[in-house]
Amino acid sequence: MNTKIVIPTSEGGFTAHYSEHGLARLDFPTARPEAQSEKEIPAQVRRWHRLTTDALNDALAGRAPRVLPPLDLSAGTEFQRHVWSALRRIASGRTRSYAEVAAEIGKPRATRAVGGACGANPIPVLVPCHRVLAANHAIGGFGGGLDWKRKLLAREGIEVR
DNA sequence: ATTTACAATATGA
DNA sequence: TCATATTGTAAAT
């Protein structure tokens with residue numbers, strides 16, 4: 001049972017997908033606005049959605065969200081969930097290298113695999129995959145588009161060469 | 001069932 | 001500077 005709701009922000013309309021366990025996915029604004037499935041939005045989802053909206057707007061303003069909705073990461077593999085929880089520990093305005101993230105989850109040689117997990121991250125911004133840079137502080141890549149990564153980093157006051 | 005490509009990086013030539 | 005081994009996934013073959 002899924003619910004899909006668009007979140008208007010200063011950067012465009014993000015699309016939030018909720019499962020029965022919480023926020024399952026967050027998509028960057030698409031050029032063409034998707035049809036919004038209204039139907040009946042469960043009261044619980046609406047509560048989560050308010051938290052998501054607040055958290056997203058805080059994040060886009062360069063502030064650390066004070067509260068996050070429950071995240072449903074059951075879609076990922078065990079390795080990916082480890083990476084994602086490591087990402088959520090990165091403080092706003094701070095960065096890590098792919099190698100550091102790999103070391104943190106106990107697999108220091110899986111740096112490239114970490115890149116793969118970041119690319120599979122279903123909840124960008126709130127799971128701060130954009131705070132992961134290459135070891136030399138180069139920007140690396142970004143699945144949602146490098147422009148987004150630069151913008152998000154700039155909002156947090158992080159300089160990239 | 002194998003091979004390839006990825007948002008990497010350390011190492012050795 | 002360039003080639004390569006390493007690691008987890010997904011996609012292509």
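Keep in mind that what you see is a predicted model, and the values were worked out from it rather than measured. (Residues numbered from 1 in each chain as written. Chains lettered and ligands numbered in written order. Predicted model: local features only at pLDDT ≥ 70, side-chain atom pairs only at ≥ 80, totals over all residues. Heavy atoms only, no water.)

Caption draft 1: Layout of the packing of aromatic side chains. This structure, assessed with the given rule, holds 5 aromatic pairs. Seen in terms of ring centroids, F28 and F142 are 6.0 Å apart; in terms of plane orientation they differ by 70 degrees. Their pairing is edge-to-face. Here F28, found in the loop between β3 (23-27) and α1 (43-60), pairs with F142, found in the loop between β5 (132-133) and α5 (146-155); they are 114 residues apart in sequence, far enough to count as distant. Overall, the relative accessible area of 14% leaves F28 in the buried class. Site record: aromatic cluster; members linked through ring pairs are F14, F28, F142 and W148. Its guanidinium or amino end placed over the ring of W148, K151 lies 5.6 Å from that ring's centre, counting from NZ or CZ. (Phe/Tyr/Trp six-rings, centres within 6.5 Å; stacked < 30°, edge-to-face > 60°. Helix = DSSP H or I, 4+ residues; strand = E, 2+ residues; numbered from the N terminus. Buried < 20%, exposed > 50% of the residue type's maximum accessible area, 1.4 Å probe, protein only. Lys NZ or Arg CZ within 6 Å of the ring centre and 35° of its normal.)

Caption draft 2: The arrangement of the protein's contact with DNA strand B in detail. Taken together, 14 residues sit near DNA strand B, with Y98, R112, C118, A134 and A135 positioned nearest. Within 4 Å of the protein, the contacting atoms of DNA strand B are 39% sugar and phosphate, with bases supplying the remainder. A distance of 3.0 Å is found between a base nitrogen of DNA strand B and a side-chain nitrogen or oxygen belonging to T111. Backbone polar atom of C118 to a base nitrogen of DNA strand B: 3.0 Å apart, as the coordinates give it. Elements that contribute at least two residues to the surface near DNA strand B include exactly α3 (98-104) and α4 (111-119). With 5 residues, the top contributor of residues to the surface near DNA strand B is α4. Considered class by class, the residues forming the surface near DNA strand B number 7 nonpolar, 6 polar and 1 charged. (Near = heavy atom within 4 Å. Polar contact = N/O pair within 3.5 Å; in protein donor to acceptor, adjacent residues only side chain to side chain. Nonpolar A, V, L, I, M, F, W, Y, C, P; charged D, E, K, R; others polar.)

Structural measurements only, silent on function.
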